[in-house]
Amino acid sequence: MVTHYWRILVTLMKTSFIAELEFRANIALKIFNDFIWYFVQIAVFEVLYSHTSQISGWNIGKIKVFLGCLFLADTINMIFYHENLEQLSERVRKGDLDLMLAKPVSSQFMLSFYRLHPSYILNFIICFTWLLYSLYQELGSLELFTIFKVLLFVFCSNAIMYSLRFMVASTAIVMGRAENLAQLWYSLFRMSLRPDFVYPPWLRYTLLFVLPLGFIASVPAHVVLGVRSDYWLLGALGLAFVFLAFSSLFWQWIVKRYSSVSS
Amino acid sequence: MWVYAKLAAETHLEYRFNSFVDWCLSPLISTAVEMAMWWTMFQAMGVSTLGGFSRESYLSYVTWAVFFARISANWMYEFRMLQEVESGSINSILVRPLRFYEYYLGQFLGYKLMTMVFSLLLPAGLALLMGGTTDFWRLPGAIFLLMIYLVFTYTLTFCIVTLAFRLTKVGSFTVTKNFFVWLASGELFPLDLLSPSMKMLSSYLPFASACYIPVGYLTHRLEFADLLKACWVTVAWTGVLGLFGLFFWRRGLRIYSGTGA
């Protein structure tokens, strides 16, 4: 079954790339946009650190590692599922979901990966290099195990981010028009754009154990910098699989409430 | 235009939960997060002032900033207008005895007025509860500037939409613009924290009128002269963009081939 879905994913990647090449200026601008987003995030911390040298023991070097983890997780989101989940509400409202449900593959898989954006692979390479460079600057050396941890965290953070976002987006099935639920997701996602030490303890624990947005970048940065133990990696792996399973169960539950609008 | 505004208001009331998320839930979460963040940041930095302002001043600022930024944002109508050109459904507007600019401006302002009425009750309540540096007598001035900014941001949207006649897919311009506005409006942090040269530059751009100037005026960071200057700057930029928009609209219509018609 895994091989079957892998083949579908590769085919979707090829067709998406051909479709992307149709509007080449748009590709360039999309990549450029992501760099602006990176610039904005860096600028926020540069401005704050221009008024102080340390915040809770974190200097600008450690913040760059945190941002590297955040950008890396975001590039995977952009390549695979960002646009698909953003359009989920529209697919439900216009009845396009019927077509997905009729296909002989998992509807959750098709909805999540229908349109991919391979052009963001360039961003992934640049962000990965930037993260490794920041880590080298901060730690003084770079071990192979650290790179392995980074890659494993990229998988875990994306599994958690994808599951949460998918569940928020799929509520469009019962809500009808739910464009603003995407905004709700961004409000929640905003919490992961800052390292968890900037939040008071109650919010920090919420971000770790209730709504684990802290696992998108904050926990990975703490672990690869050696601030927290490697056991957090096992926790992240566990959470990733739990959330993936939960998103699948949630989808099966909510799709039963779908009433087709196109027929 | 009043009819279009009513149309937008009624359409948005049709999906009440969707509107509730936009007007209340989403900005409330962002505000709570920002307030918690600034509270802890002051403790972690061990300072009593930052950029010349106290913690109370920052908390008052973030109470209002997210709501002002949310009201001034225009992503939903921009995507809808771009879709009209991309898909060719703009044809149905072009053949009617109405203007595209007015048609969407009416809807946009109608929607934003409703958002303003419902959204601003929340920070007003929070400011009353928490005290801080909010001066409610300054609220009309802040709202007046926000209204001018709404016309500006809509005109900017119109200019981007006219590019779609030539380039078809220009959704990425919207994202670029929104990132820039995010940074330059003062939503992420008050612009006092910028270097003097950057702050000077931002005072000649209209984006600070979305959040920093009205919220700064409301929370005693800025004075009436700053508000007045921002009004003039925003009006001037609106005029310039309006001329650009008109020029590109005419040129765009000449080359438009009615895709999907």
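Residues numbered from 1 in each chain as written. Chains lettered and ligands numbered in written order. Predicted model: local features only at pLDDT ≥ 70, side-chain atom pairs only at ≥ 80, totals over all residues. Heavy atoms only, no water.

**Student:** Help me understand the overall build of chain B in this model?
**Tutor:** For chain B, the helix and strand inventory stands at twelve helices and two strands. Along chain B, helices (α) and strands (β) appear in the sequence α-α-β-β-α-α-α-α-α-α-α-α-α-α when read from the amino end. Here the C-alpha atoms of chain B give a radius of gyration of 19 Å, agreeing with the 18 Å that 2.2 N^0.38 yields for 261 residues. Reported as C-alpha extents along the three principal axes, the dimensions of chain B are approximately 65 × 40 × 30 Å. Across the 261 residues that make up chain B, the buried fraction comes to 57%. At a minimum sequence separation of 6, the contacts of chain B that also span at least 24 residues come to 79%. Here chain B has roughly 11,300 Å² of accessible surface; of this, 70% comes from carbon and sulfur atoms. Across chain B, the mean location of the 18 positive side-chain charges is 9 Å away from that of the 14 negative side-chain charges. (Helix = DSSP H or I, 4+ residues; strand = E, 2+ residues; numbered from the N terminus. Rg over C-alpha atoms; globule rule 2.2 N^0.38 Å. Buried < 20%, exposed > 50% of the residue type's maximum accessible area, 1.4 Å probe, protein only. Contact = heavy atoms within 4.5 Å. Areas by Shrake-Rupley, 256 points an atom, 1.4 Å probe, with all protein chains shown as cover. Lys, Arg positive; Asp, Glu negative; His and termini not counted. Charge placed at Lys NZ, Arg CZ, Asp CG, Glu CD.)

**Student:** I'm lost on the overall build of chain A in this one. Help?
**Tutor:** Per the secondary structure count, chain A includes 14 helices and zero strands. Start at the N end of chain A and walk to the C end: the helices and strands fall as α-α-α-α-α-α-α-α-α-α-α-α-α-α. Computed over its C-alpha atoms, the radius of gyration of chain A comes to 19 Å, within 12% of the 18 Å expected for a compact globule of 263 residues. Once the C-alpha set of chain A is aligned to its principal axes, its extents read approximately 60 × 40 × 35 Å. Out of the 263 residues in chain A, the part that is buried amounts to 56%. Counted over contacts in chain A with a minimum sequence separation of 6, partners at least 24 positions apart contribute 77%. Summing over all exposed atoms, chain A offers an accessible surface of approximately 11,600 Å²; the carbon and sulfur share of this is 68%. Positive and negative charge centroids in chain A, built from 20 and 15 side chains respectively, lie 4 Å apart.

**Student:** Looking at this structure, how should I read the interface of chain A and chain B?
**Tutor:** By a widespread convention, an interface's size corresponds to the accessible area lost as its parts come together. Each partner contributes to the interface: chain A provides 39 residues, whereas chain B provides 43 residues. Buried surface at the junction of chain A and chain B, both sides included, amounts to about 3,800 Å², of which 68% is carbon and sulfur. The interface formed by chain A and chain B contains two salt bridges. For the salt bridge of A:Arg190 with B:Glu187, the shortest nitrogen-to-oxygen distance reads 3.1 Å. The interface formed by chain A and chain B includes seven residue pairs in polar contact (both at pLDDT 80 or more). For the side of chain A that touches chain B, the elements supplying multiple residues, two or more each, are α2 (24-49) and α11 (179-189) of chain A. (Buried area = accessible area lost by both parts, 1.4 Å probe. Salt bridge = Lys/Arg side-chain N within 4 Å of Asp/Glu carboxyl O. Polar contact = N/O pair within 3.5 Å; in protein donor to acceptor, adjacent residues only side chain to side chain.)

**Student:** What is the right way to read the packing of helix α4 (residues 76-87) of chain B against helix α9 (residues 171-184) of chain B from this model?
**Tutor:** Each pair of packed helices gets described by two things: the angle between the helix axes and the distance between those axes. Residue and element names in this part refer to chain B. Taken N-terminus to C-terminus, the directions of α4 and α9 make an angle of 160 degrees; their axes are 10 Å apart at the nearest point. When the axis of α4 is compared with that of α9, the two are roughly antiparallel. Crossing hand, α4 versus α9: right-handed. Here α4 contributes Glu 78, Phe 79 and Leu 82 to the contact with α9, which in turn contributes Gly 171, Thr 174 and Lys 177. (Axes fitted to C-alpha atoms, helices over the stretch in contact; angles between N-to-C directions. Parallel < 35°, antiparallel > 145°, perpendicular 65-115°, else oblique. Left-handed = near helix turned anticlockwise from the far one by under 90°.)

**Student:** In this structure, what is going on with the packing of helix α1 (residues 2-14) of chain B against helix α6 (residues 100-119) of chain B? I would like to understand it.
**Tutor:** All names here are of chain B. For the pair α1 and α6, the least separation of the axes is 7 Å and the interaxial angle reads 50 degrees. As far as their axial angle goes, α6 and α1 are oblique. In terms of crossing hand, the pair formed by α1 and α6 is right-handed. Every residue of α6 that contacts α1 at Tyr 4, Ala 5, Leu 7, Ala 8, Ala 9, His 12 and Leu 13 is listed here: Glu 102, Tyr 103, Gly 106, Gln 107, Gly 110, Tyr 111 and Met 114. Taken together, the residues of the contact of α1 with α6 break down into nine nonpolar, four polar and one charged. (Nonpolar A, V, L, I, M, F, W, Y, C, P; charged D, E, K, R; others polar.)

**Student:** Before we go on, may I ask you to explain the nonpolar core in this structure?
**Tutor:** Looking at soluble globular proteins, one finds that nonpolar side chains tend to be buried together. Of all hydrophobic cores here, the largest spans 170 residues; its most connected members are A:Trp37, B:Trp38, B:Trp64 and B:Phe100. If one sorts the elements of this core by residue count, helix α9 (residues 144-170) of chain A sits on top with 13 residues. Those residues in contact with B:Trp38 that lie beyond four places of it in its chain are A:Leu48, B:Leu50, B:Tyr58, B:Leu59, B:Val62, B:Leu188, B:Phe189, B:Pro190 and B:Leu193. By size, the runner-up hydrophobic cluster in this structure holds nine residues, among which are B:Phe152, B:Leu156, B:Ala184 and B:Phe207. (Core = buried A, V, L, I, M, F, W, Y, C linked by side-chain atoms within 4.5 Å.)

**Student:** Help me understand a positive patch on the surface in this model?
**Tutor:** Residues and elements named next belong to chain B. Side chains of Arg 166, Arg 250, Arg 251 and Arg 254 sit close together on the surface and give a patch of like positive charge. For the positive patch, the leading source of residues is helix α12 (residues 224-255), giving three residues. Among the residues examined, Arg 250 registers a relative accessible area of 53% and is labelled exposed. (Patch = residues over 30% accessible without salt bridge, like charges linked within 9 Å, V, L, I, M, F, W, Y side chains within 5 Å.)

**Student:** What's the story with helix α12 (residues 201-210) of chain A in this structure? I'm lost.
**Tutor:** Of the positions making up α12(A), those classed as buried are A:Leu203, A:Leu207 and A:Leu208. Viewed along the axis of α12(A), the buried residues span an arc of 130 degrees, placing them on a single side of the element. More than 90 degrees from the buried face of α12(A), the exposed residues found are A:Trp202, A:Phe209 and A:Val210. Residues of α12(A) that are buried sit in contact with α13 (218-224) and α14 (231-255) of chain A together with α2 (16-45) of chain B. (Arc of directions from axis to C-beta.)

**Student:** Would you explain the pattern of salt bridges in this entry?
**Tutor:** Here the structure, examined in full by the defined rule, presents 13 salt bridges over all chains. For the salt bridge of A:Lys149 with A:Asp230, the shortest nitrogen-to-oxygen distance reads 3.0 Å. Separated by 81 residues along the polypeptide, A:Lys149 in helix α9 and A:Asp230 in the loop between α13 and α14 bring together distant segments of the chain. By relative accessible area, which is 7% here, A:Lys149 ends up buried. A salt bridge links B:Lys199 to B:Asp192, with the shortest nitrogen-to-oxygen separation between them at 3.8 Å. For B:Lys199, a relative accessible area of 33% gives the class partly exposed. Members of the salt-bridge network, linked through shared partners, are A:Arg190, B:Glu34 and B:Glu187.

Function cannot be inferred from these measures alone, as they are strictly geometric.
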